Amino acid sequence: MTLTDMTSAATGHDGAVASGKGPRAGQPKRRSFSAAYKARILQEYDALETGRERGALLRREGLYSSHIADWRKSRDAGAVNALDAKPAGRPRRSAAEVENERLRKENEKLAAELTRTKAALEVAGKAHALLELLSESADSDAKRHK
């Protein structure tokens, strides 16, 4: 096994999953750790007695002391599956929430359209009343002049 094979085996790059091509090929990838790995490392780290041994463990695994502190805090918080990785980003909305959002937007649109229609009818009604008033006054003026 060559050094390249050992490095790719250790880092999990097999060439088939992520090719070296593409716009983000040269950018580093964020590592993620399984809950079992985190628990194993925490147990091993806590079993070591000296700072030198602990530092050697961190260097061997390519970790930082902040990893240990964060993992320990999650473990001690007692949350269910506290060491599991949390999905990145905003949680997806359920189908009901998506449908509610769509119906709310449609309702707002229809309410605005109804308001415009009512205003237009009010203007049309006032114009009709004004035209009737003018028509009546024109008829009464015509009768007076005869």
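Being a predicted model, the structure only gives us computed values, none of them experimental.

Conventions and cut-offs
Residues numbered from 1 in each chain as written. Predicted model: local features only at pLDDT ≥ 70, side-chain atom pairs only at ≥ 80, totals over all residues. Heavy atoms only, no water. Helix = DSSP H or I, 4+ residues; strand = E, 2+ residues; numbered from the N terminus. Buried < 20%, exposed > 50% of the residue type's maximum accessible area, 1.4 Å probe, protein only. Contact = heavy atoms within 4.5 Å. Areas by Shrake-Rupley, 256 points an atom, 1.4 Å probe, with all protein chains shown as cover. pLDDT = per-residue confidence, 0-100. Salt bridge = Lys/Arg side-chain N within 4 Å of Asp/Glu carboxyl O. Phe/Tyr/Trp six-rings, centres within 6.5 Å; stacked < 30°, edge-to-face > 60°.

Draft legend 1. Structural detail: the overall build of the chain. Tallying secondary structure elements over the chain gives five helices and zero strands in all. In sequence order, the chain lays out its α and β elements as α-α-α-α-α. Taking all 146 residues of the chain together, the buried fraction comes to 10%. The contacts of the chain with a sequence gap of at least 6 include a subset with a gap of at least 24, amounting to 54%. When the accessible surface of the chain is totalled, it reaches about 12,700 Å², and 56% of it is carbon and sulfur.

Draft legend 2. The side chain of histidine 67, seen in detail. Along the chain, histidine 67 turns up in helix H4 (residues 65–77). Residue contacts for histidine 67: discarding those within four places in its chain leaves Arg31 and Phe33.

Draft legend 3. Representation of the confidence of the model for the chain within the structure. Confidence in the prediction for the chain averages 80 pLDDT; 77% of positions are at 70 or higher. Segment residues 6–12 is flagged for pLDDT under 50; beyond a separation of four residues in sequence, or across chains, it makes two contacts in the model.

Draft legend 4. Region of the structure containing the pattern of salt bridges. The tally for this structure, following the rule as stated, stands at 12 salt bridges. Salt-bridge contacts for glutamate 99 lead to arginine 102; the nearest nitrogen and oxygen are separated by 2.7 Å. Here glutamate 99 pairs with arginine 102, and both are found in helix H5 (residues 95–145), just three residues apart, close to one helical turn. Salt bridges linked by common partners bring Arg40, Glu44, Arg60 and Glu61 together as one network.

Draft legend 5. Spatial organisation of the packing of aromatic side chains. Throughout the structure, instances matching the rule amount to three aromatic pairs. Note on phenylalanine 33 and tyrosine 37: the rings are 5.4 Å apart at their centroids and 15° apart in plane angle, and the pair reads as stacked. Like phenylalanine 33, the residue tyrosine 37 is buried in the burial classification. Geometrically, the ring pair formed by phenylalanine 33 and tryptophan 71 is edge-to-face, given 5.3 Å between the ring centres and 70° between the ring planes. Linking phenylalanine 33 in the loop between helix H1 (3–11) and helix H2 (35–47) with tryptophan 71 in helix H4, this pair joins segments that are 38 residues apart in sequence. When its relative accessible area of 16% is taken as the criterion, phenylalanine 33 is described as buried. Overall, the relative accessible area of 7% leaves tryptophan 71 in the buried class. Among the aromatic residues, ring-to-ring pairing joins Phe33, Tyr37 and Trp71 into one connected group.

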